[in-house]
Amino acid sequence: MIVWLNGAFGAGKTSAARELVDFMPGSTFYDPELVGNGLRMMLPRKRLEQVSDYQDLPSWRRLVVDTGAALIAEVGGPLVVPMTVLRQEYRDEIFGGFAARRIPVRHVLLHTDETILRERIAEREEIPGNADASESVRQWCLAHLAPYRAALTWLTTDAHVVDTTGLTPRQTAQHIADAVREGAGICDIVQTPEPRAETLAAGVLLFDEEDRVLLVDPTYKPGWEFPGGVVEPGEPPMCAGVREVTEELGLRLDEPLRLLVADWERPQPPGYGGLRLLFDGGKLSSAAAREVLLPGSELRGWRFVTESEAAALLPPVRLSRLRWALRAREQGRPLYLEAGVPTG
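Cut-off values and rules
Residue indices follow the written sequence of each chain, beginning from 1 at its first position. Whole-chain, interface and lining totals are the exception, using all residues; otherwise, since this is a predicted model, local features are given only for residues with pLDDT of at least 70 and side-chain atom pairs are given and counted only at 80 or more. With hydrogens and water excluded, all non-hydrogen atoms of the structure serve as input to the side-chain values. UniProt positions are given in the numbering used here, feature names are shortened, and annotations may be inferred rather than shown by experiment. By definition, any uninterrupted DSSP run of H or I lasting at least four residues is a helix, any uninterrupted run of E lasting at least two residues is a strand, and each is numbered from the N terminus. In this scheme, a helix's expected span is set at 1.5 Å multiplied by one less than its residue total. A 1.4 Å probe rolled over the protein chains alone gives each residue an accessible area, and that area as a share of the maximum for its type sets the label: buried under 20%, exposed over 50%, partly exposed in between. Here, two residues are considered to be in contact whenever any of their heavy atoms come within 4.5 Å of each other. Comment: axis = line fitted to C-alpha atoms, over the contacting stretch for helices; angle = value between 0 and 180 degrees taken between N-to-C directions. In this scheme, roughly parallel covers angles under 35 degrees and roughly antiparallel covers those over 145, while 65 to 115 is roughly perpendicular and the rest are oblique. The hand of a helix crossing depends on one turn: near helix anticlockwise from the far one by less than a right angle means left-handed, and clockwise means right-handed. Paired strands are those between which DSSP finds at least two bridges. Put simply, a salt bridge is a Lys or Arg side-chain nitrogen that is within 4 Å of an Asp or Glu carboxyl oxygen. Each residue gets one label: Ala, Val, Leu, Ile, Met, Phe, Trp, Tyr, Cys and Pro are nonpolar, Asp, Glu, Lys and Arg are charged, and the others, such as Gly, are polar.

The chain is annotated in an unreviewed UniProt entry as NUDIX hydrolase of Streptomyces rhizosphaericus. Here the chain is described in UniProt, under the heading Cofactor (unreviewed entry), as follows: "Mg(2+)".

And the structure:
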């Protein structure tokens, strides 16, 4: 199990995490900041200059999960993780990675009144004997108060909240330990095992009366997606697409689907790639769209979007696949792609 302590810089996450280890026998303190420090030493300067925070590095997010899984395999017992994560898509990626390894996550938010936070930040000496460096860190912490306020909307609904304003680190740890024992902070995220070989996946494009396409927002990975999923062994791909639409949206498609795109996705380690099919599921009436019912553990939201609006939501590989699928729909014939490029 992972007990993830989130919150603003200065909320007392690290101090509470060290105390929490005493209240949870067999637990281990795990600081993902060490992963970031290691990447700073290993990555080329040019790559580091492209990001403002090591959390923006895909390698950091993956290594946080891989390292956590390795630690649990090594020592067993819960991991106590103090780490601020304010971007919901990064939370999705990290927690979804743990879920894929069958490692449950308890998400706890340590919330502190901003006045107290500012006082704590002002008093911190981050780097003893180096006043300039310590001041730089304090300014960095202060700059993240606004993003923290903005993230509270999703944080307070996603995590179990502990108000630490009047608590010592040990009192905070006691509150967390009691809450975890009572089942608080369970992260209800879909458990999608990581593939161990190439996969076959079927997606379905559904359109509204204005010809906008329906996209869904998964809880377990960053970026929006088409309804659909991996084809089960022995399952016809079209049936898989119909099944996934029913499971994800609560809609039953009675008409046969029409193939739009078959796209061979190149293996890119650590991914294995495989064949991705996109089918035309037809148009949804306004009445049918009102019947959409999302599984909360898997999908956070859905919407109809234009092709240009999709560009701001879909990762590049999915956006390219969508664009060719729309062209195929216009032309009335399926397209075969390799790594997103028509061929043959």
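That covers the picture; the talk isn't over yet.
Take helix α13 (residues 316–331) next. Taking 1.5 Å per residue as the helical rise, α13 with its 16 residues ought to reach 22 Å, and the 23 Å between its terminal C-alpha atoms agrees with that figure. All of the buried residues along α13 are Arg-318, Leu-319, Arg-321, Leu-322, Ala-325, Leu-326 and Ala-328. Residues of α13 that are buried in the fold lie against β6 (199–207), β7 (213–218), β9 (258–265), β10 (274–283), α12 (307–310) and β12 (335–338). Count one or two residues on from α13 and you reach Gly-332, which has phi positive near 75 degrees.

The next point concerns the packing of helix α4 (residues 58–75) against helix α5 (residues 88–100). Two elements in contact, α4 and α5, have axes whose closest approach is 9 Å; the angle formed by their N-to-C orientations is 30 degrees. The angle between the axes of α4 and α5 places the two elements in the roughly parallel class. Crossing of α4 against α5: the hand is right-handed. Of α5, the residues touching α4 (which contributes Trp-60, Arg-61, Val-64, Val-65, Gly-68 and Ala-69) are Tyr-90, Glu-93, Ile-94, Gly-97 and Phe-98.

Let us look at the pairing of β10. As judged from the 8 bridges shared by β6 and β10, these two strands associate in the parallel manner. By the bridge assignment for β10, Leu-205 is matched with Asp-280. One ladder, built from 7 bridges, connects β9 with β10; its direction is antiparallel. From the neighbouring strand, Leu-259 faces β10, where its bridge partner is Phe-279.

All right, on to the pattern of salt bridges then. Across all of its chains, the model carries 31 salt bridges by this definition. Linking Asp-178 and Arg-181 is a salt bridge whose minimum nitrogen-to-oxygen distance equals 2.5 Å. Highlighted residues: Asp-178 and Arg-181, both in helix α9 (residues 169–181), separated by 3 residues, approximately one helical turn. On the basis of relative accessibility, which here comes to 56%, the residue Arg-181 falls in the exposed class. Within the structure, one salt-bridge network assembled from shared partners comprises Arg-91, Asp-92, Asp-158, Asp-217 and Arg-300.

Right, let's talk about the packing of helix α2 (residues 33–42) against α4 for a bit. It is the contact of α2 with α4, at a shortest axis distance of 10 Å, that shows an interaxial angle of 130 degrees. As judged from the angle between their axes, α2 and α4 are oblique. In the crossing of α2 with α4, the sense of the turn from one axis to the other is right-handed. On α4, the residues touching Val-35, Gly-36 and Leu-39 of α2 are Ser-59, Trp-60, Leu-63, Val-64 and Thr-67. A per-class count over the contact of α2 with α4 returns 5 nonpolar, 3 polar and no charged.

For the rest of this paragraph, the subject is the sheet that holds strand β5 (residues 160–163). If you trace the 5 strands from one edge of the open sheet to the other, you get β2-β3-β1-β4-β5, paired in parallel fashion. In the strand order of this sheet, the two ends are held by β2 (28–29) and β5, each with one partner. As paired strands, β2 and strand β3 (residues 79–82) are joined by 2 bridges and run parallel to one another. The partner of Phe-29 across the bridge, within β3, is Val-80. Packing of α5 onto the sheet brings it into contact with β1 (2–7) and β4 (105–111), and relative to β1 it is tilted by some 175 degrees. Seen against the sheet, helix α8 (residues 145–158) touches β1, β4 and β5 and runs at an angle of roughly 135 degrees to β4.

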